[in-house]
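# Remarks on the overall topology
The primary structure of each chain is shown beneath.
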Amino acid sequence: MTDSAPNSGEFAADVAPALLRALTGARPERTPVWFMRQAGRSLPEYRALRDRAGLSMLDVCLDPALAAEITLQPVRRHGVDAAVFFSDIMVPLRLAGLAVRIEPGLGPVLDEPVRTPADVARLTARRYGEGEAGGAGARAVEAGVRAACAELGTPTAPGGGANLGERPLAGLAASRGSASWTPLIGFGGAPFTLAAYLVEGRASRDHLAARTLMHADPGAWDALMTWCARLTGDFIAAQVRAGASAAQLFDSWAGSLSPADYRARVAPYSALALSIARRAVSPTTGAPAPLIHFGTGTARLLADMRAAGADAVGVDDRTDLAEAIAVLDGAGPGPCPVQGNLDPALLTAPWEVLAPAVDACLEAGRAAPAHVVNLGHGVPPTTDPDVLTRLVARVHGSADWEATALAGWEAAA
Ligand code: CP3
């Protein structure tokens, strides 16, 4: 579709966005790119909005208008191929009635860690979205997704952005490319990463307490992990039913496990979460959302992550992309698209260093059936956002968009 499409009222001959084509194993005309943590502290407009709102991180996530606005900020600015819903893997814990907060600089903190079988029994009596606050929170998540999709558009309805200036509108147009709309990616935390926070009560280096419970009390572990899988599956499914057209399961801490433990005591629960997410149909595409499975430190776990039922696997920057592609070939039914894996540290290196690394990443990705460019982990808060915009232009091979990136956002705003 051309840029004139939103006014023509005709969408029948629409082409699917590059991200969705890549996630189903096709090679679109441009390689899609988005960034984990593309929304957030690297963007001055995010910091300004947080200051104005004066709300905690999780309260912002549960305000539909704010969550949608923050979701859209990086799309308008960078022209990335997808939005990722602004929320947190901890949100469903809050919506199941747990006392959880996110402390700046520290991360998630739970007032009552889950350590004993009695704690597990109390926890597993809870449900996603139950009670007055849980129900209102679940509805807020869905309203946030719908509000973001209203601007991103769908195959049958043009995107909005009526009140936006020229530069943000150019970002939305760059994001759509030859499609008429931009997909929204929903997400949730994988059961092990959620369980690690639940058992430890906060971030930890090696997740010792969680791994002790895993070995010492398999029954309690099974109950805890089954509960986490259903919770996160329900959270992702809710985002898909509200309009997300792809989703990602984040297993940030899976890298602390041996391959044998991962396979026997963790992967089956990630598979359960993915299967619950897969049952949801997106009203945007009329289809289930393709599912990306991502973790860090997972070079030895990639084949099992694929086998858990993922359509594509996200690769971190400690893993060689070519090796990952070779391992994933044959690890599941059919060819496996890959996502990744630029080192976030390169974002603050000179462009003369970053640009060849981007080209090398694209080159390595050609060995896969399809490739979605991303970082190997989230955008660091210290990143200069103009660098991210220029990176998108390089991946898309767009001289026009590079000129826009080089002009800088502030100059245009
Ligand atoms: O990627 C995106 O743009 C979407 C939003 C998103 C956030 N968290 C927003 C956020 C996503 C996908 C997440 C996932 C998440 N949250 C994970 C898995 C991915 C990963 O990074 O490994 C984990 C482990 C969490 C838990 C969590 N939430 C941590 C460790 C932190 C950082 C704490 C800190 O202050 O450094 C958070 C807070 C958080 N989640 C922020 C954002 C933008 C920072 C909040 C702020 O602006 O103060």
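Our subject is the structure that appears above.
Residues numbered from 1 in each chain as written. Predicted model: local features only at pLDDT ≥ 70, side-chain atom pairs only at ≥ 80, totals over all residues. Heavy atoms only, no water.

### Regarding the sheet that holds strand E9 (residues 312–314)
Taken together, seven strands build an open sheet; the order of strands is E1-E4-E5-E8-E9-E10-E11 and the sheet is parallel. Every other strand in the sheet has two partners, leaving strand E1 (83–84) and strand E11 (371–372) as the edge strands with one partner each. Relative to strand E5 (residues 246–251), strand E4 (residues 184–189) runs parallel, the two being bridged by five bridges. Across the sheet, the residue bridging to Gly186 is Ala247, located in E5. (Pairing = 2+ DSSP bridges. Helix = DSSP H or I, 4+ residues; strand = E, 2+ residues; numbered from the N terminus.)

### Observations regarding the site of the ligand
The environment of the ligand is made up of 24 residues, and the closest members are Arg37, Tyr46, Asp88, Ser252 and His377. Here Ala39 contributes a backbone N or O atom positioned 3.2 Å from an oxygen atom of the ligand. Protein chains bury 89% of the 880 Å² of accessible surface belonging to the ligand in isolation. Among the cavities detected, the one that contains the ligand is the largest pocket. Secondary-structure elements contributing two or more residues to the shell around the ligand are helix H3 (44–53) and strand E3 (107–110). Grouping the constituent residues of the shell around the ligand by class yields 14 nonpolar, six polar and four charged. (Near = heavy atom within 4 Å. Polar contact = N/O pair within 3.5 Å; in protein donor to acceptor, adjacent residues only side chain to side chain. Areas by Shrake-Rupley, 256 points an atom, 1.4 Å probe, with all protein chains shown as cover. 1 Å grid on protein atoms, 1.4 Å probe; cavity = no way out; pocket = protein on both sides within 12 Å on 5 of 7 lines; lining within 4 Å. Sits in = over half its atoms within 2 Å of the grid points. Nonpolar A, V, L, I, M, F, W, Y, C, P; charged D, E, K, R; others polar.)

### Overview of the pattern of salt bridges
Tallied over the entire structure, the rule returns 18 salt bridges. The closest approach of N and O atoms between Arg77 and Glu410, which form a salt bridge, is 3.9 Å. Of this pair, Arg77 sits in helix H5 (residues 64–78) while Glu410 sits in helix H19 (residues 409–412), and the two are 333 residues apart along the sequence. (Salt bridge = Lys/Arg side-chain N within 4 Å of Asp/Glu carboxyl O.)

### Observations regarding empty space enclosed by the protein
The tally for this structure, following the rule as stated, stands at one cavity of 30 Å³ or more. By volume, the largest cavity is sized at about 50 Å³. Every residue lining the largest cavity is listed: Pro17, Ala18, Arg21, Glu29, Arg30, Asp81, Ser175, Arg176, Gly177, Ser178 and Ala179. Mapped onto the lining of the largest cavity, the elements with two or more residues apiece are helix H2 (18–23) and helix H9 (166–176). Across the lining of the largest cavity, the residue classes break down as three nonpolar, three polar and five charged. (Points joined across faces, edges and corners; volume = space filled by probe spheres on them.)

### A short note on helix H11 (residues 208–216)
Considered for burial, the residues of H11 that qualify are Ala210, Leu213 and Met214. Taken end-on, H11 shows its buried residues confined to a sector of 105 degrees, consistent with a single buried face. What points out from H11, more than 90 degrees from its buried face, is the exposed set Leu208 and Ala216. For H11, the elements touching its buried residues are helix H10 (191–200), helix H12 (218–242) and helix H13 (259–278). (Buried < 20%, exposed > 50% of the residue type's maximum accessible area, 1.4 Å probe, protein only. Arc of directions from axis to C-beta. Contact = heavy atoms within 4.5 Å.)

### A closer look at the layout of surface pockets
Approximately 1200 Å³ is the volume attributed to the largest pocket. Contributing to the lining of the largest pocket are 35 residues, with Arg37, Arg41, Met57, Asp88 and Ile102 lying nearest its centre. Elements supplying a minimum of two residues to the lining of the largest pocket: H3, strand E2 (100–103), E3 and H10. Sorting elements by how many residues they give to the lining of the largest pocket places H3 first, with three residues. For the lining of the largest pocket, the class distribution of residues is 20 nonpolar, nine polar and six charged. Within this model, the second largest pocket holds a volume of roughly 230 Å³. Residue lining of the second largest pocket: 13 residues in total, with Leu98, Glu112, Val114, Arg122 and Arg126 positioned closest to the centre. Ranked by the residues each element gives to the lining of the second largest pocket, the list is headed by helix H7 (residues 117–124), at three residues. Of the residues contributing to the lining of the second largest pocket, the split by class is seven nonpolar, one polar and five charged.

### Focus: the packing of aromatic side chains
Centre-to-centre distance and the angle between the planes together describe a pair of aromatic rings. Counted according to the given criterion, the structure contains seven aromatic pairs. Three or more aromatic residues joined by ring pairs make a cluster, and in this case those are Tyr128, Phe187, Phe235, Phe250 and Phe294. (Phe/Tyr/Trp six-rings, centres within 6.5 Å; stacked < 30°, edge-to-face > 60°.)

### Quick notes on the side chain of Arg30
Examined against the element boundaries, Arg30 turns out to sit in the loop between H2 and H3. With a relative accessible area of 13%, Arg30 lands in the buried category. At 3.2 Å, the side chain of Arg30 forms a polar contact with the side chain of His396.

### Re the nonpolar core
Ranked by size, the top nonpolar core spans 134 residues in total, and within it Leu198 and Leu224 carry the most contacts. Counting residues per element, this core draws most heavily on H12, which supplies 14 residues. (Core = buried A, V, L, I, M, F, W, Y, C linked by side-chain atoms within 4.5 Å.)

### A word on the environment of Arg52
Among the secondary structure elements, Arg52 is positioned in helix H3. Residue Arg52 is classed as exposed on the basis of its relative accessible area, which comes to 66%. On a C-alpha basis, the gap between Arg52 and Ser398 in space is 35 Å, while along the polypeptide they are 346 residues apart.

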